[in-house]
Amino acid sequence: MLESTVAAIRPLDEAAMAAARELQGRLTKPAGSLGALEPLSVRLAGLAGTCPPPLPEPAAVAIFAGDHGVHAQGVTPWPQEVTAQMIANFVAGGAVVNAFARQAGASVTVVDVGVATPLPVEPTADPAGPRLVAANVRAGTRDLTVTAALTRDEARAAVETGIRIAGELIDAGAGILLTGDMGIGNTTPAAALIAAFTGVDPAAATGRGTGVDDETYARKVGVVRAALDRHAPDPADPLGVLAVVGGLEHAALAGLVLGAAARRVPVLLDGVIAVSAALAAAAFAPDAVGAMVAGHRSAEPGATAALRHLGLDPLIDLGLRLGEGTGALLALPVVTGAVRVLHEVATFDSAGVAEK
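Now for a quick tour of the structure. Nothing here was measured: the structure is a model prediction, and the numbers come from that model.

Close contact between helix H11 (residues 248-262) and helix H12 (residues 272-284) brings their axes to 8 Å; oriented N to C, the two are set at 55°. What the angle tells us is that H11 and H12 run oblique. In this structure, H11 crosses over H12, and the sense of that crossing is right-handed. Residues Glu249, His250, Leu253, Ala254, Val257 and Leu258 of H11 pack against Ile273, Ala274, Ser276, Ala277, Ala280, Ala281 and Phe284 of H12. Looking at side-chain class alone, the contact of H11 with H12 contains 10 nonpolar, 2 polar and 1 charged residues.

Structure below.
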């Protein structure tokens, strides 16, 4: 599945992008007056292979959840059981992501791809509310400071879970996918992934996550540095990088991006977990970047390093660091607006408006 998905990913359609640029130049507004929305609309036309591209709706949020053996190194003060407890909160509709999803009219799918503790809720398929999918590859990763977090087979299974979920959501009608994540301690493997793929120093890739104190932050940077020194991950081998220093939710998110790119559907990236996974997706298939839209700039410093490496500019910057898909949901109306302009704004000729 992984190989066939990667093989299906193609470059953006140049003819469709040229048509979108030409149309932007004829709309009743000064050229370039919509700033970043204009190149975004052009890129989405290139992804769809038509101008104007389809409106990116309905939207579907996929939250992948997993736990981390590196939690034992004291990189976060939060107990690991919170991952499972938050899944119950997602399914009950009580988290921030649920509030924002209701506002945006987006569906929420929660995928247990690697939670370590028993879930307090059962898998659900209720179309009227958040859906919980059981796809646990293993009960959390191993401690990446001691050994590889995952085997290659486990990493592949998680990536292919993400590909499968992307296909299911698109087959159900989704016009855009939004990334979400949940996993206590997951900013530590995210920092390791970002450092491995971009080459930045671990200190530049590592942030304070849920708001750790100076002592815990210093320990966290040391953990990331030690893991990279131990495993020496090769960025040309993305599956290997995911295996040695990644998380199950990171691998699944990489698969979600690949699955969407193969189907020519945009993926709106959330925060640092999503962009660390996007680096892996881009290493598998560089043309997958064409399907990625950076929803926001996470307060985690590694997110900026990852976005720079991917060549993506975030749509909003609100200092968010929650995850769950919250930043992506807040950016969703911006993406929709960029495309709606191509559908609905009159041209100078059709409106009888004189050009300069």
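Moving on, we get to the nonpolar core. Membership of the largest hydrophobic core comes to 80 residues, with the highest contact counts inside it found for Phe64, Leu177, Leu258, Leu269 and Met292. Examining the composition of this core, we find that 11 residues originate from one element, H12, more than from any other. With residues up to four places along the chain from it excluded, the contact list for Phe64 reads Val111, Val113, Gly162, Ile165, Gly180, Asp181, Met182, Glu249, Ala252, Leu253 and Leu256. Ranked by size, the runner-up nonpolar core spans 34 residues in total, among them Leu40, Met86, Val97 and Ala101.

Within helix H5 (residues 96-104) the residues assigned to the buried category are Val97, Asn98 and Ala101. Along H5, the residues classed as buried sweep out an arc of 95° about the axis, all on the same side. Exposed side chains of H5 directed beyond 90 degrees from the buried face belong to Arg102 and Gln103.

In this section: helix H9 (residues 214-231). The end-to-end C-alpha distance of H9, which contains 18 residues, comes to 26 Å, matching closely the 26 Å that a straight helix rising 1.5 Å per residue would cover. Structurally, H9 contributes buried residues whose contacts are with helix H7 (187-198), helix H8 (202-205) and helix H10 (238-245).

To continue, consider the sheet that holds strand E2 (residues 107-114). Read from one edge of the open sheet, 6 strands run E3-E2-E1-E4-E5-E6, paired in parallel fashion. The open sheet is flanked by strand E3 (131-134) and strand E6 (292-294), the only strands paired with a single partner. Within the sheet, the average angular offset between the axes of one strand and its neighbour, ignoring direction, is 25°. In this fold H11 packs onto strand E1 (59-66), E2, strand E4 (176-182), strand E5 (267-269) and E6, with an angle of close to 155° to the strand it touches most, E1.

Per the counting criterion, the structure on display carries 16 salt bridges. One salt bridge connects Arg164 with Glu168, and the closest N-O pair in it is separated by 3.0 Å. Within this pair, Arg164 and its partner Glu168 are both found in helix H6 (residues 152-171), separated by 4 residues, close to a single helical turn. Among the residues examined, Arg164 registers a relative accessible area of 32% and is labelled partly exposed. For Glu168, a relative accessible area of 32% corresponds to the partly exposed category. The shortest N-O distance in the salt bridge between Arg263 and Asp171 comes to 2.8 Å.

Now for the packing of H5 against helix H14 (residues 326-344). When two helices pack together, their arrangement is given by the angle between their axes and by how far apart the axes lie. The interhelical angle for the contact between H5 and H14, taken along N-to-C directions, is 15°, at an axis separation of 9 Å. Classified by the angle between their axes, H5 and H14 sit roughly parallel to one another. The two elements H5 and H14 meet at a crossing, and its hand is left-handed. When H5 is examined against H14, the residues Val96, Val97, Phe100, Ala101, Gln103 and Ala104 are found in contact with a partner set consisting of Thr326, Leu329, Leu330 and Leu332. By residue class, the composition of the contact of H5 with H14 is 8 nonpolar, 2 polar and no charged.

Among the 8 residues in E2, 7 count as buried, and that is most of the element. When E1 meets E2, the two strands line up parallel, connected through 7 bridges. If you follow Ala60 over to E2, its bridge partner there is Ser107.

Our focus in this paragraph is the side chain of Gln80. Assignment of secondary structure puts Gln80 in the loop between E1 and helix H4 (82-92). One polar contact links the side chain of Gln80 to the main-chain carbonyl oxygen of His68, over a distance of 3.1 Å. Leave out the neighbours within four places in its chain, and Gln80 touches Asp67, His68, His71, Ala116 and Ile184.

As a further point, take the pairing of E1. Counting buried positions along E1 yields 8 of 8 residues, so the element is predominantly enclosed. Burial of the side chains of E1 extends over both faces: Ala59, Val61, Ile63 and Ala65 are buried on one face and Ala60, Ala62, Phe64 and Gly66 on the other. Here E1 pairs with E4 via 7 bridges, running parallel. Paired with Phe64 across the two strands is Asp181, which belongs to E4.

Relative to the elements of secondary structure, Glu249 occurs in helix H11. Summary of buried charges: Glu249 has no salt-bridge partner, and the nearest side chain of opposite charge, Arg138, is 11 Å away. Of the polar contacts made by the side chain of Glu249, one reaches the side chain of His68; its length is 2.7 Å. Every residue in contact with Glu249, bar those within four places of it in the chain, is listed here: Phe64, Ala65, Gly66, His68, Val113, Met182, Gly183, Asn186 and Ile273.

Parameters at a glance
Residues numbered from 1 in each chain as written. Predicted model: local features only at pLDDT ≥ 70, side-chain atom pairs only at ≥ 80, totals over all residues. Heavy atoms only, no water. Axes fitted to C-alpha atoms, helices over the stretch in contact; angles between N-to-C directions. Helix = DSSP H or I, 4+ residues; strand = E, 2+ residues; numbered from the N terminus. Parallel < 35°, antiparallel > 145°, perpendicular 65-115°, else oblique. Left-handed = near helix turned anticlockwise from the far one by under 90°. Contact = heavy atoms within 4.5 Å. Nonpolar A, V, L, I, M, F, W, Y, C, P; charged D, E, K, R; others polar. Core = buried A, V, L, I, M, F, W, Y, C linked by side-chain atoms within 4.5 Å. Buried < 20%, exposed > 50% of the residue type's maximum accessible area, 1.4 Å probe, protein only. Arc of directions from axis to C-beta. Expected span 1.5 Å × (residues − 1). Pairing = 2+ DSSP bridges. Salt bridge = Lys/Arg side-chain N within 4 Å of Asp/Glu carboxyl O. Polar contact = N/O pair within 3.5 Å; in protein donor to acceptor, adjacent residues only side chain to side chain. Lys, Arg positive; Asp, Glu negative; His and termini not counted.

Just geometry here; none of it tells us what the structure is for.
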